[in-house]
Amino acid sequence: GLNLTNIQGDILIVDVPSFKAQLKSGIAPLITSTFQLLPNTTDPADLFVNIAFSSSGLSKLGIANPDLGDNNLFQKGQFNGATNLGDLTSNWLPQFAGTSIHGVFLIASDTLDGVSATLSQVQSILGSSISESYRLQGQARPGDQQGHEHFGFMDGISNPAVNGFNTPHPGQALVNPGVILFGESGDPKSRPGSTGWAKDGSFLVFRQLAQRVPEFNKFLLDHAPSEANMTLEENAELLGARMIGRWKSGAPVAMSPLFDNLVIATNAQQNNNFDFSAPSDSSLCPVSSHIRKTNPRADFSKGNFPNHIIRAGIPYGPEVTDAENASNTSSTDPSLDRGLAFVAYQSDIDTGFETLQSDWANDPSFRRGYQYANNAVLQGADPIIGPNGVSRSPAGLDPSNLSGSITIMEDFVVSKGGEYFFSPPISAIQTTLSS
Ligand code: N7H
């Protein structure tokens, strides 16, 4: 039940000595350990509090050259690499521009009261040692949409299992702990602090990704395939499912290609038990689909690669209004902005999020020629999270025309910005960062 509501507050540290004192005495005891980020079969806690720092925040706290071995991506900050992520910085919220955010609090609970009470507690502990520059409130969608993101698809089904912490379900990736946690076995880099103060920390990538839901739905109807014996609505659902790689219930199209299947969707022994290998073309699941772009499974290095992230995002913003549905257009009223408060943990931003976004999702050539001997089929960019402001042409979405592509002229997901943070181990909050 955790994570039904969530508040994310970006902070500036204005009084360093006082912040450090309160961090040590008041905040450290509230923080949930990074280990509890690792997916578990049991609910880890009914309240989750995390604090993470940007590179400029670590620098403010006295860490010299806070690059943490991340190929300068962390130190540069997300804004300065935004173009490489396929973002239009003109869409970025001003609060995220530059490197002025020092840190972020993430507070999650199964009740809004729980979140509000903890937020007040944090505010009264830190007082005027910080100022809040931005707040985003997330919440689970209502009723039967709980757990589904705003386009209507079940989320949070596939995260890697971590060796030594949990047992993978059939088909689920098993990664070494160092893929998520600093300095554990399998960390792709040796980096400053990874055997000392930063050991067992993790990079937290935050992105505010707006979703244009009425436009997405209209696109599905306008470009619906024409499978025999299926209504227009069923064909539109099919197109949506092929763009994601899963049906709205979460059932993988690789296992249930023409119709949704609730039995597969809800069974953790089944809903990851596929690897795109038989057959490996786009007939069951398009090579360009979102889940195949971001986790190519057996398509890539026989399924053995370190580019995995743990996703812990939550929807934000209100439900689509009747007026938006009637006009097939998202409102420009900022209070109706909605989307995904995307959060991902990994030990290396370059190997994790940046590879998935820039080198895989955005790159039309990623998996080019895969199973197509003459390299004739350019697979195209990810139809969901591909780059903003340029058309994308994912291939294979129409099951009757696997080598053809559909050109998408508009952005269904718009990046409003974000930042790269380091989520330190509790020991560092108690010592290095607070003394
Ligand atoms: Fe994605 N969506 O609803 O379309 N994503 N995603 N994502 N995503 C997944 O398998 C979505 C985003 C990954 O292991 C599902 O748990 C939306 C970014 C990865 O098989 C759905 C947005 C990045 C996976 C969505 C968004 C990723 C994944 C299926 C933005 C990384 C697991 C549920 C608004 C750069 C793949 C599930 C696997 C799954 C959606 C963003 C990555 C439904 C709407 C930015 C690795």
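What counts, and at which threshold
- Residues numbered from 1 in each chain as written.
- Predicted model: local features only at pLDDT ≥ 70, side-chain atom pairs only at ≥ 80, totals over all residues.
- Heavy atoms only, no water.
- Helix = DSSP H or I, 4+ residues; strand = E, 2+ residues; numbered from the N terminus.
- Rg over C-alpha atoms; globule rule 2.2 N^0.38 Å.
- Buried < 20%, exposed > 50% of the residue type's maximum accessible area, 1.4 Å probe, protein only.
- Contact = heavy atoms within 4.5 Å.
- Areas by Shrake-Rupley, 256 points an atom, 1.4 Å probe, with all protein chains shown as cover.
- Lys, Arg positive; Asp, Glu negative; His and termini not counted.
- Charge placed at Lys NZ, Arg CZ, Asp CG, Glu CD.
- Near = heavy atom within 4 Å.
- Polar contact = N/O pair within 3.5 Å; in protein donor to acceptor, adjacent residues only side chain to side chain.
- Nonpolar A, V, L, I, M, F, W, Y, C, P; charged D, E, K, R; others polar.
- Donors = N, O, S within 2.8 Å, 3.2 Å for Na, K, Ca; no water.
- Pairing = 2+ DSSP bridges.
- Salt bridge = Lys/Arg side-chain N within 4 Å of Asp/Glu carboxyl O.
- Phe/Tyr/Trp six-rings, centres within 6.5 Å; stacked < 30°, edge-to-face > 60°.
- 1 Å grid on protein atoms, 1.4 Å probe; cavity = no way out; pocket = protein on both sides within 12 Å on 5 of 7 lines; lining within 4 Å.
- Points joined across faces, edges and corners; volume = space filled by probe spheres on them.

### Structural notes on the overall build of the protein chain
In terms of helices and strands, the protein chain carries eleven helices and eleven strands. Taken against the 2.2 N^0.38 rule, which gives 22 Å for 435 residues, the C-alpha radius of gyration of the protein chain at 21 Å falls within 12% of a compact globule. With the C-alpha coordinates of the protein chain rotated into their principal frame, the extents come out at 70 × 50 × 40 Å. Looking at the protein chain as a whole, 54% of its 435 residues are labelled buried. A sequence separation of at least 24 residues applies to 70% of the contacts in the protein chain between residues at least 6 apart. For the protein chain, the accessible area works out to roughly 16,900 Å², and carbon and sulfur atoms hold 51% of it. Counting 25 positive and 41 negative side-chain charges, the protein chain places the averaged centre of each group 6 Å from the other.

### Concerning the site of the ligand
As a structural note, the neighbourhood of the ligand is formed by 26 residues, with Ile 157, Ser 158, His 290, Arg 297 and Arg 311 the closest of them. At a separation of 3.3 Å, an oxygen atom of the ligand approaches a polar backbone atom of Gly 156. Between the ligand and the protein, one listed contact pairs an oxygen atom with a side-chain N or O atom of Asn 295 at 2.8 Å. Contributions of two or more residues to the shell around the ligand are made by strand E7 (202-211), helix H8 (290-294), strand E10 (339-346) and helix H10 (350-361). Across the shell around the ligand, the residue classes tally to 14 nonpolar, seven polar and five charged.

### Some words on the coordination of the iron atom of the ligand
Tetrahedral coordination by four donors places them ideally at 109.5 degrees to one another around the metal; octahedral coordination by six donors ideally gives 90 or 180 degrees. In this structure the iron atom of the ligand is ligated by exactly one protein donor, His 290 (NE2), at 2.1 Å. Here His 290 lies in helix H8.

### Details of the pairing of E7
Consecutive residues of a regular strand have side chains that alternate between opposite faces of the sheet. Counting buried positions along E7 gives ten out of ten residues, so the element sits mostly inside the fold. Side chains Ser 202, Leu 204, Phe 206, Gln 208 and Ala 210 project from E7 onto one buried face, and the interleaved Phe 203, Val 205, Arg 207, Leu 209 and Gln 211 project onto a second face that is buried too. Relative to strand E11 (residues 413-423), E7 is paired through nine bridges, and the arrangement is antiparallel. Paired with Leu 204 across the bridge in E11 is Phe 421.

### Quick word on the pattern of salt bridges
This structure, assessed with the given rule, holds 15 salt bridges. Note that Glu 237 is salt-bridged to Lys 248, the shortest N-O span being 3.5 Å. You can see Glu 237 sitting in helix H6 (residues 232-244) and its partner Lys 248 sitting in the loop between H6 and helix H7 (262-265), a full eleven residues away along the chain. Taking the relative accessible area as the measure of exposure, Glu 237 reaches 36% and is therefore partly exposed. Owing to a relative accessible area of 25%, Lys 248 belongs among the partly exposed residues under this scheme. The shortest N-O distance in the salt bridge between Arg 292 and Asp 299 comes to 2.8 Å. Here Arg 292 matches Asp 299 in class, with each residue buried. Each of Asp 187, Lys 189, Arg 191 and Asp 348 takes part in salt bridges that share partners, so that together they form one network.

### Quick look at the packing of aromatic side chains
Counted by the stated rule, this structure contains 21 aromatic pairs. With a centroid separation of 5.4 Å and 65 degrees between ring planes, the pair formed by Phe 79 and Trp 92 is classed as edge-to-face. Separated by 13 residues along the polypeptide, Phe 79 in the loop between helix H3 (73-76) and strand E3 (103-109) and Trp 92 in the loop between H3 and E3 bring together distant segments of the chain. A relative accessible area of 25% places Phe 79 in the partly exposed class. Classification of Trp 92 by relative accessible area gives buried; the value is 7%. Centre to centre, the rings of Phe 216 and Phe 412 are 5.5 Å apart; their planes meet at 80 degrees, and the pair counts as edge-to-face. Taken together, the residues span a long stretch of sequence, with Phe 216 in helix H5 (residues 213-222) and Phe 412 in the loop between H10 and E11 at a distance of 196 residues. Accessibility expressed as a relative area gives 0% for Phe 216, which makes it buried.

### Quick look at the layout of surface pockets
When its volume is computed, the second largest pocket comes out at roughly 370 Å³. Together, 24 residues line the second largest pocket, and Pro 334, Leu 336, Asp 337, Arg 338 and Lys 416 are the ones closest to its centre. Looking at the lining of the second largest pocket, the elements with two or more residues in it are strand E4 (130-139), E7 and E11. Of the residues assigned to the lining of the second largest pocket, the class counts are nine nonpolar, eight polar and seven charged.

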